[in-house]
Every structure is written in C-alpha cells, then in structure tokens.
Amino acid sequence: MSYSGRDPTALTAFLSDWLAQRVRDAGAQGIVLGLSGGIDSSVACGIAARALGPKNVLGVIMPIGNVPEDETLGREVGNEFGVRVIEPDLLPAFNSLLGSLESERSHLGTTPPSASVEQLATANLKPRLRMLSVYYYANLLDYLVLGTGNKAELTVGYFTKHGDSGVDLLLLGDLTKAEVRAVATEIGVPRAIIERPPSAGLWAGQTDEKEMGITYDQLDSYLQTGSSGDSEVDAIILGRSKASEHKRDLPPVARP
C-alpha cells in the first residue's frame, strides 16, 4: 500500500511543538514512557527527545517474560535518541499478583472461563502493572506519562483499559499506522523496529493484526476513506469500535 498520509516532516515538527507545549503548560519536568521495542513507543521516544531534550526523557523497559528482542530493541531506541533507560524486572511482581488472584478463584462459584478468556484476563495484568510502574517514576520525577497508542488502535479499542491507555498524553492518537511508520523513518528509528510485525507482547507468537483479525492497512484505509474496501472488514471495524466505546469515554456518572 503506497503512503498517502500527511507530510512526515510537518508531522514531526507539529508533534514536537505540541508535546513541548503540553509539558510546559503542566509545569512538569519531563516525560516518562514505556519502551517495548515496537514502532509506536520508539516514535514517541524520538519525538519526546526532540521536544524536551534527551535528558528530560525516561524510557522504561518492563519485561514480564517477554521475548529478549523486546528488551534489546528497547535499549537500541534509548541509545539512538540518547535518553535515560531503566529496566525494572516486573516478572516477580506479576507472578506474585497472579498467584494471589488465582488462589481466590475457587470462591467465585462461576463456570470456569474458556481458555481464550482466561488468557486475555491474565495477559491484561501486564499492561496494567506497567502502568503502575511508569506512574511511580512519573511521581518521583514530576514527569508526565506519555502514551503510545495510534489512531488505528484507539478506533477499534486495541488497548488495555487502565493499562496502556492509562497515560497523561496521547502523542500519536491522531496518526494512522502508516503515518507512524513515515515519522519513524523521518526521525531515524532503527529499521529493524520499523519492519518488525507489531505486537503487544502479551503472549508468545501474539501479533496485533492476528488478534484484531484485520490489517493495519485495512484500518488505515477505513480511517482515511470510510471504507477498507471490504464490507466484512468494515463490519469488523465498526463492531470493534462500538464494543470499545467504554474504553474511550470517562465512566458514566449516575446523576439523580
């Protein structure tokens, strides 16, 4: 699919200015974000380094049984943009939390969940634990937490509520996946990351497109023209968007 998005140079300049202004307006000292070794967090890191200076950006690599490549590429991004990187190992905390939760399941008295439901419930603990961790560092440093979700993911709800969506700023929230790739090339994100199949790293072999059941090219086309070119895919996008409305809105308030 040929690129048909907005000019990446202009996007880079806008995003850098926008982020710098938001941090100034908040009176914050910098930005903290999770580094996953994926393209979205890499672009967010590179823009933050440009906007605020590398010394005011903290990248946090948070392995929870991830494939080693996630950590290796996360470090490479930190080196590329000169930001500080730390690597708290969250696996012991994850295992302890999961063990405590599972020990009480017998008291629920409900039908055992399917394997897919159980897998997702367990996997979603990971981004929620990472959210707690980046906010710990944000509080210590008086930083803002930078989210890395793009427009395609936000549209279909491909994020964990109160997990990777638990952020202060969504820098890439109006960019299609193709625009993220274009900006990545513009700012010098390592080629291995740009070409890597997008994955949330929730379980072995997991990829974004496989889990969503649609491709980013189809999603981008839908966002740009109102149709992916396939009525069945359009129905999937609409269905996912409607089902995930609650993820994008604040909790409803009961007003007597």
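Residues numbered from 1 in each chain as written. Predicted model: local features only at pLDDT ≥ 70, side-chain atom pairs only at ≥ 80, totals over all residues. Heavy atoms only, no water.

A. Just the overall build of the protein chain, in detail. A count of helical and extended segments in the protein chain gives 13 helices and five strands. C-alpha extents for the protein chain along the principal axes are approximately 55 × 50 × 50 Å. The proportion of buried residues among the 256 residues of the protein chain is 45%. Pairs at least 24 residues apart make up 77% of the contacts formed inside the protein chain by residues separated by at least 6 positions. A total accessible area of about 13100 Å² is found for the protein chain, and carbon and sulfur atoms account for 55% of it. Between the mean site of the 23 positive side-chain charges and the mean site of the 32 negative ones, the protein chain shows a separation of 4 Å. (Helix = DSSP H or I, 4+ residues; strand = E, 2+ residues; numbered from the N terminus. Buried < 20%, exposed > 50% of the residue type's maximum accessible area, 1.4 Å probe, protein only. Contact = heavy atoms within 4.5 Å. Areas by Shrake-Rupley, 256 points an atom, 1.4 Å probe, with all protein chains shown as cover. Lys, Arg positive; Asp, Glu negative; His and termini not counted. Charge placed at Lys NZ, Arg CZ, Asp CG, Glu CD.)

B. Highlighting the pattern of salt bridges. Under the defined criterion, the tally for this structure stands at 10 salt bridges. Put simply, Asp70 and Arg196 hold a salt bridge, and the shortest N to O gap is 2.4 Å. Highlighted residues: Asp70 in helix α3 (residues 68-81) and Arg196 in the loop between α9 (191-194) and α10 (208-212), separated in sequence by 126 residues. The same class applies to Asp70 as to Arg196, namely buried. With a closest N to O distance of 2.7 Å, Arg105 and Glu118 form a salt bridge. Of this pair, Arg105 sits in the loop between α4 (91-103) and α5 (115-123) while Glu118 sits in helix α5, placing them 13 residues apart in sequence. What you see here is one network of salt bridges that share partners, running through Arg6, Lys151, Asp174 and Glu179. (Salt bridge = Lys/Arg side-chain N within 4 Å of Asp/Glu carboxyl O.)

C. Main features of the nonpolar core. Within the largest apolar cluster, 37 residues are counted, with the highest numbers of intra-cluster contacts made by Leu19, Ile31, Val43 and Leu146. With nine residues, the top contributor of residues to this core is helix α2 (residues 39-52). Once residues within four sequence positions are removed from consideration, Leu146 is found in contact with Leu19, Ile31, Val32, Leu33, Ala44, Ala48, Val167, Leu169 and Leu171. Val32, Leu98, Leu125 and Tyr143 belong to the second largest nonpolar core, which has 15 residues in total. (Core = buried A, V, L, I, M, F, W, Y, C linked by side-chain atoms within 4.5 Å.)

D. Inspection of the environment of Leu223 at higher detail. Here Leu223 lies in helix α11 (residues 216-225). Sequence-wise, Leu223 and Thr155 are 68 residues apart; in three dimensions their C-alpha atoms are separated by 8.7 Å. Excluding residues that lie within four positions of it along the chain, Leu223 makes contacts with Lys151, Ala152, Thr155 and Thr176.

E. Inspection of the pairing of strand β4 (residues 143-147) at higher detail. Along β4, five of the five residues are buried, which leaves the element largely enclosed by surrounding structure. Across three bridges, the pairing between strand β1 (residues 30-34) and β4 is parallel. By the bridge assignment, Val32 is partnered in β4 with Val145. (Pairing = 2+ DSSP bridges.)

F. View of the side chain of Asp220. Inspection of the secondary structure assignment puts Asp220 in helix α11. Buried charge without a salt bridge: Asp220, with Arg181 as the nearest opposite-charge side chain at an N-O distance of 4.8 Å. A polar contact of 2.8 Å, which involves the side chain of Asp220, links it to the backbone nitrogen of Ala178. Each residue touching Asp220, except ones within four places of it in the same chain, is listed here: Ala152, Thr176, Lys177 and Ala178. (Polar contact = N/O pair within 3.5 Å; in protein donor to acceptor, adjacent residues only side chain to side chain.)

G. Representation of the environment of Ser114 in the model. Looking at the secondary structure, you find Ser114 in the loop between α4 and α5. When the C-alpha atoms of Ser114 and Thr12 are compared, they prove to be 44 Å apart, with 102 residues separating the residues in sequence. A polar side-chain atom of Ser114 sits 3.2 Å from a polar atom in the side chain of Ser116.

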